[in-house]
Amino acid sequence: MEAMKIKGKTKHGIVHVDGSATSPNGVDYTREQMRDFVKEYSGVNRIHKPLFILFYTAVMNGKPWTS
């Protein structure tokens, strides 16, 4: 597999420039899968969302992430 460029990386996961992501336990998700996860959690209060989804959304929106 070719090396992917990283847009953001913390203990909560890795977000790649192409929109795909790698979860903290090492599972790779495509951009489409991540889009579906974000849609699934839309309307849910932030306190109940997984940090992986919050991190992904922040990075993709160009917002800073502090943990």
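Our subject is the structure that appears above.
Residues numbered from 1 in each chain as written. Predicted model: local features only at pLDDT ≥ 70, side-chain atom pairs only at ≥ 80, totals over all residues. Heavy atoms only, no water.

## Observations regarding the packing of aromatic side chains
- Applying the stated criterion across every chain, the model contains three aromatic pairs.
- On the numbers, 5.1 Å between centres and 80° between planes, the contact of Tyr 29 with Phe 37 is edge-to-face.
- The exposure class of Phe 37 is partly exposed, given its relative accessible area of 25%.
- Taking 6.1 Å as the distance between ring centres and 45° as the angle between the ring planes, the aromatic pair formed by Tyr 29 and Phe 52 counts as tilted. Of the two residues, Tyr 29 is situated in strand β4 (residues 28-29) and Phe 52 in helix α2 (residues 51-60); the sequence distance between them amounts to 23 residues.
- The exposure class assigned to Tyr 29 is partly exposed, which follows from its relative accessible area of 22%.
- Residue class for Phe 52 comes out buried when judged on its relative accessible area of 11%. (Phe/Tyr/Trp six-rings, centres within 6.5 Å; stacked < 30°, edge-to-face > 60°. Buried < 20%, exposed > 50% of the residue type's maximum accessible area, 1.4 Å probe, protein only. Helix = DSSP H or I, 4+ residues; strand = E, 2+ residues; numbered from the N terminus.)

## Overview of the nonpolar core
- Counting eight residues, the largest nonpolar core is built from Val 15, Ala 21, Met 34, Phe 52, Ile 53, Phe 55, Tyr 56 and Val 59.
- When residues of this core are assigned to their parent elements, the largest contribution, five residues, is made by α2.
- Apart from the residues lying within four places of it in its own chain, the contact partners of Val 15 are Ile 6, Lys 7, Gly 8, Ser 20, Ala 21, Phe 55, Tyr 56, Val 59 and Met 60. (Core = buried A, V, L, I, M, F, W, Y, C linked by side-chain atoms within 4.5 Å. Contact = heavy atoms within 4.5 Å.)

## Quick notes on the pairing of strand β1 (residues 6-10)
- With four bridges connecting them, β1 and strand β2 (residues 13-16) associate as antiparallel partners. Residue Gly 8 lies in a different strand from β2, and its bridge partner there is Val 15.
- Adjacent in sequence and paired antiparallel, β1 and β2 are bridged by two residues. (Pairing = 2+ DSSP bridges.)

## Some words on the side chain of Ser 20
- Mapped onto the secondary structure, Ser 20 falls in the loop between β2 and β3 (21-22).
- Contacts of Ser 20, omitting those with residues within four sequence positions, involve Met 4, Ile 14, Val 15, Tyr 29, Thr 30, Arg 31 and Tyr 56.

## Some thoughts on the pairing of β2
- Of the two faces of β2, the one lined by Gly 13 and Val 15 and the one lined by Ile 14 and His 16 are each fully buried.
- Note: β2 against β3, two bridges, orientation antiparallel. Along β3, the bridge assignment pairs Ile 14 with Thr 22.

## Some remarks on the sheet that holds β4
- Reading across from one edge, β1-β2-β3-β4 is the order of the four strands in this open sheet, with antiparallel pairing throughout. The strands lining the two open edges of the sheet, one partner per strand, are β1 and β4.
- In the packing of α2 onto the sheet, contacts are made with β1, β2, β3 and β4, and the angle to β2 comes to roughly 30°. (Axes fitted to C-alpha atoms, helices over the stretch in contact; angles between N-to-C directions.)

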